[in-house]
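# A look at the structure
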Amino acid sequence: MYQDTNQRKSPPPIVFIIILGLIGFGASKFLPSLFASKSSDTPTSKSGASPSGAIATRISLGNQILVTSQTTPDKQAGVTAFAKGEYKEAVQKFQASLQQNRNDPETVIYLNNAKASNGSALKIAVSVPIGSNPNVAQEILRGVAQAQEQINTSGGINGAQLQVKIVNDDNSQEVVRDVAKTLTQDASILAVIGHNASNASLEAAPIYQQEKLVMVTPTSFANNLSGFGSYIFRTVPNISIMAAPLAEYAVKTGKTNIAICYDSQAPDNISFKDEFVAALTAAGGKLVPTVCDFSVPSFNPESAIADAVSKGAQGLMLAPHIDRIDRAISLARTNQGKLPLYGSTTMYTFQTLKDGQKSVDGLVLPVPWHPDTNPGSTFPKNASQMWGGVVNWRTATSFDATQAVIAGLKQSNTREGLQQALKNPNFSAMGASEEVKFLSTGDRAGKPILVQVKLGGSSGYNFVPLR
């Protein structure tokens with residue numbers, strides 16, 4: 001899903017920036033290698049600020065490379081120096097690496113961490129699926145890195161710099177349990193940005209809640225996270241708010257009979273399916289009963305399409321797990337334009353565009369943020385200048401999550417004090433396009449934007465806001 005960015009020089013040629021900007025709405029325009037390795041380690045629970053064993057290979061403040069697809073000799077030299085405590089050397093090497101490859105968020109975070117190593121610093125963690133989905137992981141890391149750089153270059157949090165530990169959790173429930181235990185036992189960690197998939201967040205949330213460590217997920221939509229606990233927050237709206245406009249759009253455009261293919265192992269997409277059906281019925285539409293589950297080994301796109309068409313479906317809604325988007329794309333290919341396509345927010349990735357091409361032309365889905373609908377915001381321009389192209393909603397909501405934590409830490413730099421700040425009904429923080437405010441449930445107050453896949457220019461297909 002990602003082109004090899006390691007060969008790019010900075011700044012890249014303007015034509016390349018434009019092309020990347022146009023196609024970037026999918027999974028952010030940066031396309032790291034498909035071959036990022038997935039760790040086969042099964043971490044064991046460890047305590048303390050310096051984890052050991054398998055979990056230690058998944059956590060880094062700057063002492064090791066986790067995003068292996070974004071490796072340069074200078075970056076390797078930087079982590080080696082960082083591990084030895086030679087922070088001045090690490091800073092120089094990380095800066096040199098970014099001269100070659102500026103769109104690597106891991107290096108930006110490590111650079112800021114190295115600069116902050118010789119003074120007072122406040123520390124948070126970000127947990128992302130580097131091994132299972134490096135593209136999505138880097139989208140999230142870019143938002144965190146941009147917020148970290150912004151606060152650290154403007155005086156810090158009441159004078160203290162922000163350090164960020166990066167964690168690779170692979171969206172694995174088993175790994176996430178160990179990650180959550182390790183982070184809660186590290187007294188220096190004041191908050192966690194993450195996790196990505198809802199199954200991961202739901203696995204970690206009870207641990208964070210019990211141990212009283214703030215978790216702010218930028219991407220998990222599952223209904224079960226709403227009101228989960230006083231330490232659990234998210235910078236995306238409740239899934240009912242996301243699903244309803246899509247169902248209403250389908251009915252308004254004359255597609256009242258909709259079949260659904262979802263992933264029974266993805267809590268966020270189960271929630272999306274349920275809320276979509278409720279909104280569809282309320283709008284006068286009808287669910288066409290079919291059996292179509294992306295998670296089962298026997299998934300068959302041909303029979304799924306044939307079943308939907310034979311039962312009179314006028315449209316098809318796709319709600320896959322983030323790590324099984326390939327199955328949704330295969331269903332779209334089999335569809336061959338027979339049925340209009342609708343999708344959950346998960347479908348907003350570059351993989352959808354790159355692999356789907358004409359098969360996903362016209363696909364409509366909701367997103368919590370889009371750069372083209374925020375003309376008054378400086379975030380899209382700043383992000384484009386920092387990374388060399390346009391970023392997507394996951395980067396924006398991750399920036400928002402980090403901004404919220406920063407604003408809370410300005411009020412109190414303890415775990416309990418941060419939680420109290422975020423739970424205050426009057427709390428707000430400036431996000432990518434609007435203020436971040438949390439409802440009493442921990443959900444983000446906000447509304448979605450409908451986008452559609454359309455053919456556009458030399459870049460091929462794009463996600464474009466519906467006007």
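For the structure given in this document, a descriptive report is provided here.

### Quick look at the packing of helix H2 (residues 73–83) against helix H4 (residues 105–115)
- For the pair H2 and H4, the least separation of the axes is 11 Å and the interaxial angle reads 35°. The hand of the H2/H4 crossing is left-handed. Contacts between H2 and H4 pair Lys-75, Val-79 and Phe-82 from the former with Glu-106, Thr-107, Tyr-110, Asn-113 and Ala-114 from the latter.
- Looking at the contact of H2 with H4 residue by residue, the classes come out as four nonpolar, two polar and two charged.

### Describing the environment of Tyr-262
- Inspection of the secondary structure assignment puts Tyr-262 in strand S7 (residues 257–262).
- Between the C-alpha atom of Tyr-262 and that of Val-291, which follows or precedes it by 29 residues, the distance is 9.4 Å.
- In this view, Tyr-262 contacts Ile-270, Lys-273, Cys-292, Asp-293, Phe-294 and Ala-319; residues no more than four positions away in its chain are not counted.

### Considering empty space enclosed by the protein
- Per the counting criterion, the structure on display carries two cavities of 30 Å³ or more.
- By volume, the largest cavity is sized at about 90 Å³.
- Lining the largest cavity are Asn-196, Ala-197, Thr-219, Phe-221, Asp-268, His-321, Ile-322, Thr-345, Thr-346, Trp-393 and Arg-394.
- When its residues are assigned to classes, the lining of the largest cavity shows four nonpolar, five polar and two charged.
- Around the second largest cavity, the lining residues are Phe-221, Ile-239, Asp-268, Asn-269, Phe-272, Ser-344, Thr-345 and Thr-346.
- For the lining of the second largest cavity, the element with the most residues is helix H9 (residues 267–282), which contributes three residues.

### Side note on the sheet that holds strand S1 (residues 59–60)
- Ordered in space as S1-S3-S2-S4-S5-S6, the six strands form an open sheet in which the pairing is mixed. Here the strands that pair on one side only, and so sit at the sheet edges, are S1 and strand S6 (232–234).
- Pairing geometry for strand S2 (residues 121–128) and strand S4 (residues 189–193), over three bridges, is parallel. For Val-126, the partnering residue across the bridge sits in S4 and is Ile-193.

### Regarding the packing of aromatic side chains
- A full pass over the atoms with the stated rule returns nine aromatic pairs.
- On the numbers, 4.1 Å between centres and 15° between planes, the contact of Tyr-348 with Phe-463 is stacked. Residue Tyr-348 is located in the loop between strand S10 (341–343) and helix H12 (350–356), and its partner Phe-463 is located in strand S15 (residues 461–465); the two are separated by 115 residues in the primary sequence. For the pair shown, Tyr-348 and Phe-463 are each scored as buried.
- Taken together, Phe-233, Phe-427 and Phe-438 form an aromatic cluster joined through their ring pairs.
- The positively charged end of Arg-142 is found above the aromatic ring belonging to Trp-387, 5.8 Å away from the centroid.
- Positioned above the aromatic ring of Tyr-262 is the side chain of Lys-273, whose terminal nitrogen or guanidinium carbon lies 4.6 Å from the ring centre.

### Quick look at H9
- The end-to-end C-alpha distance of H9 is 23 Å, a good match for the 22 Å that 16 residues give at a rise of 1.5 Å each.
- Taken residue by residue, H9 has Pro-267, Asp-268, Asn-269, Ser-271, Phe-272, Lys-273, Phe-276, Val-277, Ala-279 and Leu-280 as its buried positions.
- Directly after H9, the chain includes Gly-284, whose backbone phi takes a positive value near 100°.

### Concerning the pattern of salt bridges
- Evaluation of the coordinates by the stated rule reveals 14 salt bridges.
- Across the pair Lys-93 and Glu-89 runs a salt bridge whose closest N-O atoms are separated by 4.0 Å. Placement of both Lys-93 and Glu-89 in helix H3 (residues 87–100) is noted, with a separation of four residues, approximately one turn of the helix.
- Looking at Lys-93, the relative accessible area reads 26%, which means it is partly exposed.
- One salt bridge connects Lys-165 with Asp-186, and the closest N-O pair in it is separated by 3.0 Å. On the criterion of sequence distance, the pair formed by Lys-165 in strand S3 (residues 161–168) and Asp-186 in the loop between helix H6 (173–185) and S4 is long-range, its members being 21 residues apart.
- Classification of Asp-186 by relative accessible area gives buried; the value is 3%.
- Ionic contacts of the salt-bridge type, sharing partners, join the residues Lys-75, Asp-104 and Glu-106 into one network.

Rules of the game
Per chain, residue numbering runs from 1 following the sequence as it is written. Thresholds applied to this predicted model are a pLDDT of at least 70 for local features of residues and 80 or more for the giving and counting of side-chain atom pairs; totals over whole chains, interfaces and linings are not thresholded and use all residues. Hydrogen atoms and water are omitted, and side-chain values are computed over all heavy atoms in the structure. Lines fitted to C-alpha atoms define the axes here, with helix axes fitted over just the stretch in contact, and angles between the N-to-C directions of these axes take values from 0 to 180 degrees. Numbering of helices and strands runs from the N terminus, with a helix taken as a DSSP run of H or I at least four residues long and a strand as a DSSP run of E at least two residues long. Two helices that cross are described as forming a left-handed crossing if the nearer one is turned anticlockwise from the farther one by less than a right angle, and a right-handed crossing if clockwise. Contacts between residues were defined by any pair of non-hydrogen atoms, one from each residue, lying within 4.5 Å. Here the nonpolar group is Ala, Val, Leu, Ile, Met, Phe, Trp, Tyr, Cys and Pro; Asp, Glu, Lys and Arg are the charged ones; every other residue, Gly included, is treated as polar. Using protein atoms alone on a 1 Å grid, points that fit a 1.4 Å probe yet trap it form a cavity, whereas open point sets bounded by protein on both sides within 12 Å along at least five of seven lines form a pocket; residues with an atom within 4 Å of a point count as lining. Grid points are joined across faces, edges and corners, and a volume is the space filled by probe spheres set on the points. Strands are treated as partners if at least two bridges between them are detected by DSSP. Think of it this way: a Phe, Tyr or Trp ring, Trp meaning its six-membered ring, pairs with another when their centres are within 6.5 Å, and the plane angle makes it stacked under 30 degrees, edge-to-face over 60, tilted otherwise. Only protein chains enter the area calculation, which uses a 1.4 Å probe; residues under 20% of their type maximum are buried, those over 50% are exposed, and those in between are partly exposed. Put simply, a charge is over a ring when the Lys NZ or the Arg CZ is close to the ring centre, within 6 Å, and near the line of the ring normal, within 35 degrees. What a helix should span is 1.5 Å times the count of its residues minus one. Any Lys or Arg side-chain nitrogen located within 4 Å of an Asp or Glu carboxyl oxygen qualifies as a salt bridge.

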